[in-house]
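Take a look at the letters that make up each chain.
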Amino acid sequence: MTETRTPNLGGFVPRDRSWHPDALTPPYKTSVKRSPQAALLSFPTTLSEETSPMFGHGMIGALDNDLIHNYAQSGQSAIGPRIIVHGRVLDEMGRPVPGALLEFWQANAGGRYRHKKEKYQAALDPNFGGCGRTITGNDGAYEFRTVMPGPYPWPNGMNDWRPAHIHFSVFGHGFAQRLITQMYFEGDPLIPLCPIVGVLKSQEAIDQLTALLDMHRTVPMDARAYKFDIVLRGRRQTYFENRAEGL
Amino acid sequence: MVQRLDYLKESPSQTAGPYVHIGCTPNFTGIDIYGGDLGTKMKTGPVKGQEIVIKGTVFDGTGTPLRDAMIEIWQPDAAGLFPSLNETRGKADPNFTGWGRSPGDMETGEFSFDTVKPGAVPMPDGRMQAPHVTAWIVARGINIGLHTRIYFEDEAEANSADPLLSGIEHQNRVPTLLARKEADGVYRFDIHLQGPNETIFFDI
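Residues numbered from 1 in each chain as written. Chains lettered and ligands numbered in written order. Predicted model: local features only at pLDDT ≥ 70, side-chain atom pairs only at ≥ 80, totals over all residues. Heavy atoms only, no water.

As annotated in an unreviewed UniProt entry, chain B carries the name Protocatechuate 3,4-dioxygenase subunit alpha and is attributed to Sulfitobacter alexandrii. Annotation of chain B in UniProt includes, under Sequence similarities (unreviewed entry), the sentence "Belongs to the intradiol ring-cleavage dioxygenase family." (UniProt positions renumbered as here; feature names shortened; annotations may be inferred.)

In the nomenclature of an unreviewed UniProt entry, chain A is known as Protocatechuate 3,4-dioxygenase subunit beta of Sulfitobacter alexandrii. Looking at chain A in UniProt, the text filed under Sequence similarities (unreviewed entry) is "Belongs to the intradiol ring-cleavage dioxygenase family."

Dropping the structure here:
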């Protein structure tokens, strides 16, 4: 349980900005007027960034991590290929991050989001809401069940399509770890064509966001599985005179 | 061969996209799935200190309000204590969550937080910082979430002694970090992503 874990203290190691996308990436057009132009102000983290809100397992409903059923009518289920997404949340030192709140959202199997501004013509699935959440266990592990999201067109270039993906919002143990990212699926031919994937600066970075088909966790006659590990900022350990923190 | 530093790389950031609200504030988009959105209430009972409202709008480089942004804030209680497991200096106000999440209004883009004026928090070296709120902004077109801080213009003395604010080279940009007092207990903090009034964003 989140409430019983030991406190983590100590500053965060600097974020490797060369590994993350730049703010200004003109092929992704919306970034042009929404990217700060001045240099970021750097300073070591303080308590304001090293602490973060706590989320208990008590807030999670039984179906929150089951997107096939959490919006479906009784006895119904969402339409589409059923998948399990699972993995671990670790920090840069390889330590598990227990008690991390993950929120995820996605288009339905046809590629359509449940949003009034959505313009894609694919059908809405009345039994699919498109969002879920869970909290990592003591070993940093998580899993949820959903349907494979469809690729979809979006207004950027004349004919840009997003590869199938799931959005992730992650809380760690410090507000400096706050992260939103996306998970892609192994083998999707749209990955190298997408301007949003294209803001990533290396094939390694793209690979880190691409989940592999995991036949070990696939459930016969039910759901395929994909494994997706998430890495958050690492924290230095602070030595206290009255207590060897983490040592 | 020498040993390798086998640290992992942080998962690279990607934009929150236009539909961040489906995942983070589903009720706001009409998806009634959890019985309420997280972060809408920062007070769970009577709180200590001065109750305030912080509101504002995020503007792009053309001065257009963002209507698809999500803003989160994180702050200590009126005594400067965080309601966090990582807080070891004392027990924070049990009726204050410290964390707020607000989507911009779908028409005007305005965000709003019903909170308390934060107390002061020390730097790691013990020097006191001026009262502030940590803010984080994500939206379509923002490739990595933007961190900033909300200070208060009516804390002039604390602000002028603040180690971070006083160390900023371009002092003419400091006002971009100050919430303006609009009425008693109401502060406005507009965020400009670009332009002459570009808010100072942090690499933390």
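**Student:** Give a detailed account of the UniProt feature "domain: Intradiol ring-cleavage dioxygenases" (unreviewed entry) in chain A, specifying residues and quantitative values.
**Tutor:** Within this structure's numbering, the places UniProt gives as "domain: Intradiol ring-cleavage dioxygenases" (unreviewed entry) are residues 85-113 of chain A. Across residues 85-113 of chain A, the secondary structure splits into 0% helix and 41% strand, with the terminal C-alpha atoms separated by 19 Å. (Helix = DSSP H or I, 4+ residues; strand = E, 2+ residues; numbered from the N terminus.)

**Student:** So what's going on with the interface of chain A and chain B? Residues and values would help.
**Tutor:** Contact with chain A, which involves 91 residues of that partner, is made by 70 residues of chain B. Interface of chain A and chain B: buried area, both sides summed, is about 7,200 Å²; carbon and sulfur atoms make up 59% of it. The partner of Asp16(A) in a salt bridge is Lys9(B), with the nearest N and O atoms 2.7 Å apart. Broken down by element, the side of chain A that touches chain B gets its largest block of residues, five residues, from strand β9 (residues 179-185) of chain A. Tallied by class, residues from the side of chain A that touches chain B come to 41 nonpolar, 27 polar and 23 charged. As judged from the two bridges shared by strand β1 (residues 41-42) of chain A and strand β10 (residues 202-203) of chain B, these two strands associate in the parallel manner. In the strand pairing of β10(B), Ser42(A) is matched with Asp203(B). (Contact = heavy atoms within 4.5 Å. Buried area = accessible area lost by both parts, 1.4 Å probe. Salt bridge = Lys/Arg side-chain N within 4 Å of Asp/Glu carboxyl O. Nonpolar A, V, L, I, M, F, W, Y, C, P; charged D, E, K, R; others polar. Pairing = 2+ DSSP bridges.)

**Student:** Quick rundown of the UniProt feature "domain: Intradiol ring-cleavage dioxygenases" (unreviewed entry) in chain B? Include the residues and the values.
**Tutor:** With numbering aligned to this structure, UniProt lists the feature "domain: Intradiol ring-cleavage dioxygenases" (unreviewed entry) at residues 54-82 of chain B. Secondary structure over residues 54-82 of chain B splits into 0% helix and 38% strand, and the C-alpha atoms at its two ends are 18 Å apart.

**Student:** Go over the layout of surface pockets, please, and point to the residues and values.
**Tutor:** Here the largest pocket defines a volume of roughly 750 Å³. What lines the largest pocket is a set of 29 residues, and nearest its centre among them are Pro155(A), Pro18(B), Tyr19(B), Asp68(B) and Arg140(B). In terms of residue count, the dominant contributor to the lining of the largest pocket is strand β6 (residues 152-154) of chain A (three residues). (1 Å grid on protein atoms, 1.4 Å probe; cavity = no way out; pocket = protein on both sides within 12 Å on 5 of 7 lines; lining within 4 Å. Points joined across faces, edges and corners; volume = space filled by probe spheres on them.)

**Student:** Which residues make up the pairing of strand β7 (residues 178-183) of chain B, and what values do they have?
**Tutor:** Residues and elements named next belong to chain B. In terms of strand pairing, strand β6 (residues 146-152) meets β7 through two bridges, oriented parallel. Opposite tyrosine 151, over in β7, you have leucine 178 as the bridge partner. The pairing of β7 with strand β8 (residues 186-188) spans three bridges and is antiparallel. Within the sheet, the bridge partner assigned to lysine 181 lies in β8 and is tyrosine 187.

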